[in-house]
Amino acid sequence: MPKDDEKSPWSMPAVEALRAGPDTRVEDIDANATPGFEGGKELGAQLLEERGAYLSGLQERLYANGRTGDRRSVLLVLQGMDTAGKGGMVRHVIGHVDPQGVDHASFGVPTPEEKQHHYLWRISKELPRAGQLGVFDRSHYEDVLVVRVHNLVPESVWSTRYDEINQFEREIVDSGTTIVKVAMFVSLDEQKKRLAERLERPDKHWKYNPSDVGERALWPDYQEAYQAMLDRTNTDYAPWYVVPCNRKWYSRIAVGELLIDALERLDLDWPAPTFDLELEKQRLAQA
Ligand code: ADP
């Protein structure tokens, strides 16, 4: 954050500017927007470093407390359209913190083994351990997004999942995990540019998936599925944040702020020594 005598570049905290509400309309989301932020790209890049360092300090406290018996953890859920920048978010935001303290998981097409289980089975296995910062690159929400759009299960099945997910997240929160859910939106134009870049640049070919092009035609169906997701799973204990992602510098500092807020609210101090400090100092001096 800026020093006391500097004006914050945020006109309102990211948690407020980005919080989904009952009036959030997916079709009205401006993916170019920078809600709450009054600076530009240069300031954004500078803040990413400064705030990344601060985030790292908070995460270290979470980790330290986890090592000394605190059961709490934080889970960042990144759910978004193809090319929205989930991978970059992990690299550039989570990349600031000590990897030892990160429990990262990504969820692709379910494996044959995963298909034999309930859809939340693979999710449960990857929940962050005590003291960890969990990061989900895609999540259980795929089971009400791609699964809904492609009719991979009947409506009678996917339609029950919203309540089930709310219940699942309630239990996760009750067991000490703060959940930060981020819905990442990129415009169709920007997505086209990013896909074109993946075709142009040999260092990005590996990211190109021919099926992503077909998904573009289904965007109205995805919009409907994202709308239902936001309408039905935006709870006070596991809220959604809607992050415009056309400007990567913005989406990264925004998600950084969401994490900082979640960690600050844990009000973490350094764990107290579990030994007699003075005695140990004396012992060491004599050793
Ligand atoms: P990414 O595209 O994020 O780089 P992957 O190549 O591993 O990652 O593939 C992710 C793909 O897996 C996406 O198309 C996504 O929709 C799909 N996927 C994820 N979860 C499910 C699911 N439960 N059922 C069907 N498809 C899924």
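Here goes a summary of the coordinates provided. For every chain, the first residue of the written sequence is number 1, and numbering continues from 1 onward in sequence order. Owing to the predicted nature of the model, reporting of local features is limited to residues with pLDDT of at least 70; listing and counting of side-chain atom pairs is limited to 80 or more, with chain, interface and lining totals taken over all residues. Side-chain measures were taken over the full set of non-hydrogen atoms in the model, leaving aside hydrogen atoms and water.

**Focus on the sheet that holds strand S3 (residues 133-137)**
Here comes step 1: The five strands lie next to each other as S2-S3-S1-S4-S5, forming an open sheet whose pairing is parallel. Both edges of this open sheet fall to strand S2 (102-106) and strand S5 (240-244), since each of them pairs with a single strand only. Neighbour to neighbour, the strand axes of the sheet diverge by 20 degrees on average, direction disregarded.
Here comes step 2: Two strands pair if DSSP finds at least two bridges between them. Labels follow the DSSP assignment, with helices taken as runs of H or I lasting at least four residues and strands as runs of E lasting at least two, numbered in each case from the N terminus. Looking at chain direction, strand S4 (residues 177-185) and S5 are connected through five bridges and run parallel. Simply put, an axis is a line fit to the C-alpha atoms, just over the touching stretch for a helix, and the angle between two N-to-C directions goes from 0 to 180 degrees.

**Things to note about the packing of helix H2 (residues 41-67) against helix H12 (residues 248-265)**
Here comes step 1: It is at 9 Å that the axes of H2 and H12 come closest, and there the two elements cross at 25 degrees. Judged on the interaxial angle alone, H12 and H2 are roughly parallel. When you trace H2 past H12, the crossing you get is left-handed. Across from Lys41, Gly44, Leu47, Leu48, Arg51, Tyr54, Leu55, Leu58, Gln59 and Leu62 in H2, the residues of H12 making contact are Trp249, Arg252, Ile253, Glu257, Leu259, Ile260, Leu263 and Glu264.
Here comes step 2: Of the residues contributing to the contact of H2 with H12, the split by class is 11 nonpolar, two polar and five charged. Every angle not falling under 35 degrees, over 145, or within 65 to 115 is termed oblique; those three ranges are roughly parallel, roughly antiparallel and roughly perpendicular. For any helix crossing, the convention is left-handed if the near helix is rotated counterclockwise from the far helix by under a right angle, and right-handed if that rotation is clockwise. Here, two residues are considered to be in contact whenever any of their heavy atoms come within 4.5 Å of each other. Gly counts as polar in this scheme, as do all residues outside two lists: the nonpolar Ala, Val, Leu, Ile, Met, Phe, Trp, Tyr, Cys and Pro, and the charged Asp, Glu, Lys and Arg.

**Structural notes on helix H8 (residues 161-174)**
Here comes step 1: Given a helix with a known number of residues, its expected span is that number minus one, times 1.5 Å. Compared with an ideal rise of 1.5 Å per residue, which puts 14 residues at 20 Å, H8 spans 20 Å between its outermost C-alpha atoms and is within 8% of the ideal.
Here comes step 2: When H8 is considered as a whole, its buried residues turn out to be Arg161, Tyr162, Ile165, Asn166, Phe168, Glu169 and Ile172. What you see down the axis of H8 is that its buried residues fit within an arc of 165 degrees, all on one side.
Here comes step 3: Buried-residue contacts for H8 involve helix H5 (121-124), helix H6 (146-149), helix H7 (155-158), S4 and helix H11 (219-233).
Here comes step 4: Two residues or fewer past H8, Gly176 is found with a positive phi of approximately 110 degrees. Here the term buried applies to any residue with accessible area under 20% of the maximum for its type, exposed to any over 50%, and partly exposed to those in between, with areas from a 1.4 Å probe on protein chains only. For this quantity, the arc is that covered by the directions from the helix axis to the C-beta atoms.

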